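Analysis of the macromolecular model
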Amino acid sequence: MSKVIRIGTRDSELALWQANAVKDMLEELGHQTELVPVKSAGDLVLDKPLYELGITGIFTKSLDVAMLNGEIDIAVHSMKDVPTALPKGIVQAAVLERANFMDILAYKDNQEFLAQPEAIIATGSLRRKAQWLNRYPTHSVVDLRGNVNSRMQKLNDNDWNGAIFAAAGLDRIGLEHEHTIGLTWMIPAPAQGAIMVVAMEADEEVQEICAQLNHERTEICVTQERTFLRLLEGGCTAPIGALCYINNDDKVVLKGVLLTVDGSKKLEAEITSNLGEHQNLGVDCANSILARGGKRLMSEVQNTALPTHVYATKKLTEAQKRLFNNAIGVKSDDFIRVSMNRLSPTILKSEFQNVVLTSQNAVEALLSSVSPDELKFKNIYCVGRKTKRLIENKIGPITQVKSNAKKLAEYLVEFMEGTEVTYFCSNLRLDDLPTILTENNIKVTEIEAYETKHAKIEVDDSVEGVLFYSPSTVDSYLQNNSTDKTAYCIGETTAEHARTHFDDVRVAKMPSVESVIELVNENYKN
């Protein structure tokens, strides 16, 4: 070829190494070449995890544009970064022989943290994060972005225990870390360790030249991995791994995995075929996972990837999360952390004429301190149906139940026997009940049954609404967050407390988590 072949590449050290490898191969074949570095959005935006950027082919798009504009003749990519569907007019011209496909952990000092409940691991990959948490569910995973050199430097500069890298990337630029472990149990990204060369579909001459660089066995394997990825509708926003290899008996083996973002659920498949009869491996492996719950798992992953519209101040179950409309992005956490106090069995075994229990936590505190049959409660007054149900199942019959503390206090003033109550409460209880009773000459003896602590959780400014389940969750939220959002409340007591801070307060029809979710769905339906 008489003209110079212009090779497009990102300008990171690793990308330039890969481009230079292709350059050397082409020049060995007698062709003139020129490198054309191009920056990508993935290189420019370093303050967000890749899966939050929402761009398909974040590391390849700029090179695609440069090629379509006629600025370059070919582009060199880490194949794992390339979308399974190439842009119209661009084709795969060659796949180089695959390097080490494994993920490795670079760590500090020693490996003791692997056997400990707490550790901090850094990675910008959703796949690596999910697989790590699946194996080490109590560990924390923090985001790690930047080129290979800067990521390694961040590991050295931070108090993390380790960070996960692609072995091929470190090998190619000769970057070594003193302590590393090969993560043989972690299934890599589809096509990890492989380099892809793309060209214009109309440029047949360049395609013929690049075809001489193609490594057939690598191409067979990565094609099946990418087929698996495509059928699961994945990308950098889904925790999907795949590894295909050809063993010594010319058997083609494909392993695939799909996880939820938090690693709590995992589906795996492994299928083997003879070389030459392997064309449907990717399809069969994907269908195996889809048939065993993969569609539901992908739906959970996609909902997790949505921008967060509402934030629940109580940790929701997976079943509760599925009650939200599909278009609503939801996050949840416990804004209130509860610890039970050890109550004196001697005191609890005394006779009590009137007992007030306004939460399930108070009931649990009693039951953790003494056997139910040792309690001598003549009259039990409570707040909420769930508290009533728990008391009836564990302790005995209820004298009266009301929907909130204020209504219960008003009932006690009117109908209670005697002039004293014993109130098993939290350290952060509301003032309504004891204040009303005291003002009406009823003596209130408070016993702190459990301790409520506010969790310091920050909610992103872009969140539109917050779900509250008690006045305490409102107070906890207000410690670190703004009030320019819609407050969805489980009941009138919570709503009354929220109205002193929020302009838009909405109350569920029933005092249940599910009813609050219905309230949110109704709002977004409109």
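Residues numbered from 1 in each chain as written. Predicted model: local features only at pLDDT ≥ 70, side-chain atom pairs only at ≥ 80, totals over all residues. Heavy atoms only, no water.

The next thing to look at is the packing of helix α15 (residues 405-415) against helix α16 (residues 432-439). Axis separation between α15 and α16 bottoms out at 8 Å; the angle between their running directions is 20°. When the axis of α15 is compared with that of α16, the two are roughly parallel. At the point where α15 passes α16, the crossing takes the right-handed sense. Contacts from Ala-405, Lys-406, Leu-408, Ala-409, Leu-412 and Val-413 in α15 reach Asp-432, Leu-433, Ile-436 and Leu-437 in α16. Tallied by class, residues from the contact of α15 with α16 come to eight nonpolar, no polar and two charged. (Axes fitted to C-alpha atoms, helices over the stretch in contact; angles between N-to-C directions. Helix = DSSP H or I, 4+ residues; strand = E, 2+ residues; numbered from the N terminus. Parallel < 35°, antiparallel > 145°, perpendicular 65-115°, else oblique. Left-handed = near helix turned anticlockwise from the far one by under 90°. Contact = heavy atoms within 4.5 Å. Nonpolar A, V, L, I, M, F, W, Y, C, P; charged D, E, K, R; others polar.)

Moving on, we get to the environment of Met-102. Considering the arrangement of structural elements, one finds Met-102 in the loop between β4 (90-95) and β5 (103-107). Remark: the alpha-carbon pair of Met-102 and Gln-192, spanning 90 residues in sequence, is separated by 7.9 Å. Apart from the residues lying within four places of it in its own chain, the contact partners of Met-102 are Phe-165, Ala-166, Ala-167, Gly-182, Leu-183, Thr-184 and Gln-192.

Bringing the sheet that holds strand β23 (residues 486-489) into the picture now. An order of β15-β14-β22-β23-β24 is seen for the five strands of this open sheet, with the pairing classed as parallel. The open sheet is flanked by β15 (330-332) and β24 (504-507), the only strands paired with a single partner. Strand after strand, the sheet turns through a mean of 20° between neighbouring axes, direction not considered. Across the sheet, helix α19 (residues 513-525) lies against β14 (310-312), β22 (465-468), β23 and β24, angled at about 145° from β23, the strand it touches most. (Pairing = 2+ DSSP bridges.)

What follows covers the side chain of Thr-33. By secondary structure assignment, the location of Thr-33 is in strand β2 (residues 33-37). With a relative accessible area of 13%, Thr-33 lands in the buried category. One polar contact links Thr-33 to Glu-27, side chain to side chain, over a distance of 2.7 Å. If we skip the residues at most four places from it in the chain, Thr-33 touches Val-4, Ile-5, Ile-7, Lys-23, Leu-26 and Glu-27. (Buried < 20%, exposed > 50% of the residue type's maximum accessible area, 1.4 Å probe, protein only. Polar contact = N/O pair within 3.5 Å; in protein donor to acceptor, adjacent residues only side chain to side chain.)

In this section: α16. Those residues of α16 lying buried are Leu-433, Pro-434, Ile-436 and Leu-437. The buried residues of α16 occupy an angular sector of 165° when projected down its axis, which confines them to one face. Buried residues belonging to α16 abut β17 (351-357), α15, β20 (420-426) and β21 (443-454). Where α16 terminates, the next one or two residues include Asn-441, which has phi positive at roughly 60°. (Arc of directions from axis to C-beta.)

This part covers helix α14 (residues 385-394). Thr-387, Leu-390 and Ile-391 are the residues of α14 that are buried. Within α14, the buried residues cover an arc of 100° as seen down the axis, which keeps them to one side. In this structure, α14 carries Arg-385 and Asn-393 as exposed residues pointing more than 90 degrees from its buried face.

All quantities given are derived from atomic positions and should not be read as evidence of function.
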